[in-house]
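# A look at the structure
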Amino acid sequence: MKYFIYARKSTDSEERQVLSIEAQLAELKEFAAKEKLEIVASLCEAKTAKEPGRTVFGEMLDRIEKGEAQGILAWHPDRLARNSIDGGRIIYLLDTGKLKDLKFPTFWFDNTPQGKFMLNIAFGQSKYYIDNLSENIKRGHRAKLRKGIWPSFAPLGYLNNHKTKGIDIDPEKAPLIRKAFELYATGEYTLKAIAKILKDAGLRSYKGKVLSVSCVQRMLKNPFYYGVFRFNGKMYDGSHEPIISKKLFDAVQQVMNNRGKRKRKRKHNFAFSGLMRCGNCGCMITAEIQKGHIYYRCTKKKQKCNEKYLREEKLVEQLKAIIQKVSLPDEWAEKMLAEIEKEKEQAKQETKSLVQNLLDQKAAIEKKMDRLLDLYIEGKGIEPEEYQAKKQKLLNEKLEIQQKIKDFEQAGNNWLEPMKEMILASSQAKILLSQSDNSQIRTFLKNIGSNFILKGKKFHFEGKIGWRALLNSPQNTNWRRGRDSNPRCRF
Ligand SMILES: [Zn+2]
């Protein structure tokens, strides 16, 4: 595959911290050499990407249409496009296959619907997300907090009211949650039993999943249900209607604390044993206690192995760095979810007319079949063989159309739903950073990846599709905040 290098230095004052063209070119050439990319030409532009109509950019796209190259290498997506027209042209070229790849040292792109979605966000980010949105959302958060409104996704049992911007009780789920508190407070039910009761009663998470035991535990520890909440380390009196009393909440905490003590004495729970394999010999990694610390080590079942012991704290440190990398700020998640809803609606509208069209075609064929049958029954000069042949032809056409309708209806949102789940999970990931609940971290890791390896005291794994874009971005803060203000940059 052949690539164009594209560098742009804009004259916008807001972009003044961006690398000079020379520095961009040097970095990009080094990157190309490292990645062994074949470069056709290096193109430079000094105009802003806010307005469409840049000459060099336009010429580059024309040359790509002609097939001179199939890829572009640039410092960051915002070098390519900061307006929807140019961004749209890039996406269009990707959709039509004229453009096959984009590479950025500061942003990881893959040519999938998810990748294009991320790219779109990155194109828009500097202009809209950075400049206005994040500040607006923060302002919105502050205004909400002043009014005692939880400024994020409502916990289970509550619903975000998008009209009033407040938080309403979920009339279906709230009674079940109250019941869970009441039962647990009696001290006669384990968390597992409560989880089973909730499952049988039909309580499901927003993602439609059965609540896990640790999920139930977190729920029972959440003071939101009696009317207060913690945000950025501060407690707030919520304006939402409580589901339970403070008294009931305290009773539940009492039961939980007593149980916790007993359990901790009884047996050790190693959060990450059996999760990873040894990168050296392929055996499972297990855990043991040495001098009061938990260590993870190779089981060495196959052969002698010199993989070193790793202290749990050191492992958790590495895991939290991964979570940090994939966690989205709420304001981003909210915006991305809104974007997905928009895409979904658009896809629905597009499919609607296509499906309608197919339904019309199907009706027309059915009509033809009826007429054919009439002619045949009335004996108007159609031989049985001819009738059979014609009927079969129409039937085949009909089946084909039916299949198309089915495909359309199914294919519509096939990547939007997983994307939505990913965004929800990733916006909730940061909660894990402030907690010391290692079993939650384990669950989260299993959600985002597989093939966990411990090698040379370093944790490795394969990210699942969708998560790779976040995991592989060289600096996660880059595509969120724009590199211009990124303090981790060398420049
Ligand atoms: Zn080993």
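Residues numbered from 1 in each chain as written. Predicted model: local features only at pLDDT ≥ 70, side-chain atom pairs only at ≥ 80, totals over all residues. Heavy atoms only, no water.

The chain appears in an unreviewed UniProt entry as Recombinase from Hippea maritima.

## Examining the sheet that holds strand S14 (residues 458–463)
Backbone-to-backbone hydrogen bonds pair the strands of a sheet. The strands run either parallel or antiparallel. For clarity, the threshold we go by: Strand pairing is assigned whenever DSSP identifies at least 2 bridges connecting the two strands. Only DSSP runs of H or I with at least four residues qualify as helices, and only runs of E with at least two residues qualify as strands; both kinds are numbered from the N terminus onward.
Pairing is mixed across the open sheet formed by three strands, whose spatial order is S9-S13-S14. Two strands bound the open sheet, and with one partner strand each, they are strand S9 (277–278) and S14. Pairing of S9 with strand S13 (residues 449–455), which is carried by two bridges, proceeds in the parallel orientation. Bridge pairing links Cys278 to Leu454 in S13.

## A look at the coordination of the zinc ion
Cut-off, in case you're wondering: Water is not among the atoms examined, so metal sites may look incomplete; donors are the N, O and S atoms within 2.8 Å of the metal, or within 3.2 Å for Na, K and Ca. Using a 1.4 Å probe on the protein chains alone, a residue whose accessible area is under 20% of its type maximum counts as buried, one over 50% counts as exposed, and one in between counts as partly exposed.
Listed as protein donors to the zinc ion are Cys278 (SG), Cys281 (SG), Cys298 (SG) and Cys305 (SG); their distances from the metal cover 2.2 to 2.3 Å. Here the donor residues of the zinc ion share one chain and are spaced in sequence as C-x2-C-x16-C-x6-C. Remark: Cys305 occurs in the loop between strand S11 (293–298) and strand S12 (310–311) and Cys281 occurs in the loop between S9 and strand S10 (285–290); sequence separation between them is 24 residues. Side by side, Cys281 and Cys305 carry an identical accessibility label, which is buried.

## Looking at a positive patch on the surface
Our working definition: Exposure above 30% relative accessible area and the absence of a salt bridge qualify a residue for a patch, where like charges join within 9 Å and nonpolar side chains (Val, Leu, Ile, Met, Phe, Trp, Tyr) within 5 Å. Surface accessibility follows the Shrake-Rupley procedure with a 1.4 Å probe radius. Residue values consider only the protein chains on display as shielding. One speaks of a salt bridge when a side-chain nitrogen belonging to Lys or Arg is within 4 Å of a carboxyl oxygen belonging to Asp or Glu. We count Lys and Arg on the positive side and Asp and Glu on the negative side, and we leave His and both chain ends out. By convention, charge coordinates are those of NZ in Lys, CZ in Arg, CG in Asp, or CD in Glu.
Where like charges cluster on the molecular surface, the positive patch consists of Lys308, Lys314, Lys457 and Lys458. With respect to the helices and strands, the residue Lys458 is situated in strand S14.

## Some details on the environment of Leu102
Where we set the bar: Only heavy atoms enter the contact rule, under which two residues are in contact if any of them lie within 4.5 Å.
Along the chain, Leu102 turns up in strand S4 (residues 101–103). On the basis of relative accessible area, Leu102 is assigned to the buried category, the value being 2%. As for Leu102 and His76, which are separated by 26 residues in sequence, their C-alpha atoms are 9.9 Å apart. With near-sequence residues (within four places) excluded, Leu102 lies in contact with Ile72, Leu80, Ile90, Leu94, Phe109 and Leu119.

## Let's talk about the packing of aromatic side chains
The relation between two aromatic rings is expressed through the spacing of the ring centres and the mutual angle of the planes. To keep things clear, this is the line we draw: When two rings of Phe, Tyr or Trp (its six-membered ring) have centres within 6.5 Å they constitute a pair, described as stacked for plane angles under 30 degrees, edge-to-face for angles over 60, and tilted for the intermediate range. As a reminder, the over-ring test applies to NZ of lysine and CZ of arginine, requiring each to be within 6 Å of the ring centre and within 35 degrees of the ring normal.
The tally for this structure, following the rule as stated, stands at 16 aromatic pairs. Here the aromatic rings of Tyr6 and Phe57 are separated by 5.8 Å at their centres, their planes lie at 70°, and the arrangement is edge-to-face. Residue Tyr6 is found in strand S1 (residues 2–8), and its partner Phe57 is found in helix H2 (residues 55–65); the two are separated by 51 residues along the sequence. Judged by its relative accessible area of 1%, Phe57 falls in the buried class. Grouped by ring-pair contacts, the aromatic residues Trp150, Tyr158, Phe181, Phe224, Tyr225, Tyr226, Phe229, Tyr236 and Phe249 constitute a single cluster. Above the face of the Phe57 ring, Arg54 is positioned so that its terminal group lies 4.1 Å from the ring centre.

## Observations regarding the sheet that holds S4
What counts here: In this analysis an axis means a line fitted to C-alpha atoms, helices contributing only their contacting stretch, and an angle means the value between N-to-C directions, from 0 to 180 degrees.
Ordered by their spatial adjacency, four strands build an open sheet running S2-S1-S3-S4, and the pairing between neighbours is parallel. In this open sheet, the two edge strands, each paired with only one partner strand, are strand S2 (38–45) and S4. For this sheet the average axis-to-axis angle between neighbouring strands, irrespective of direction, equals 20°. In the sheet, S1 pairs with strand S3 (residues 71–73) via three bridges, with the strands oriented parallel. Among the inter-strand pairings, Phe4 is bridged to a residue of S3, identified as Ile72. Contacting S1, S2 and S3, H2 crosses the sheet at an angle of about 155° to S2.

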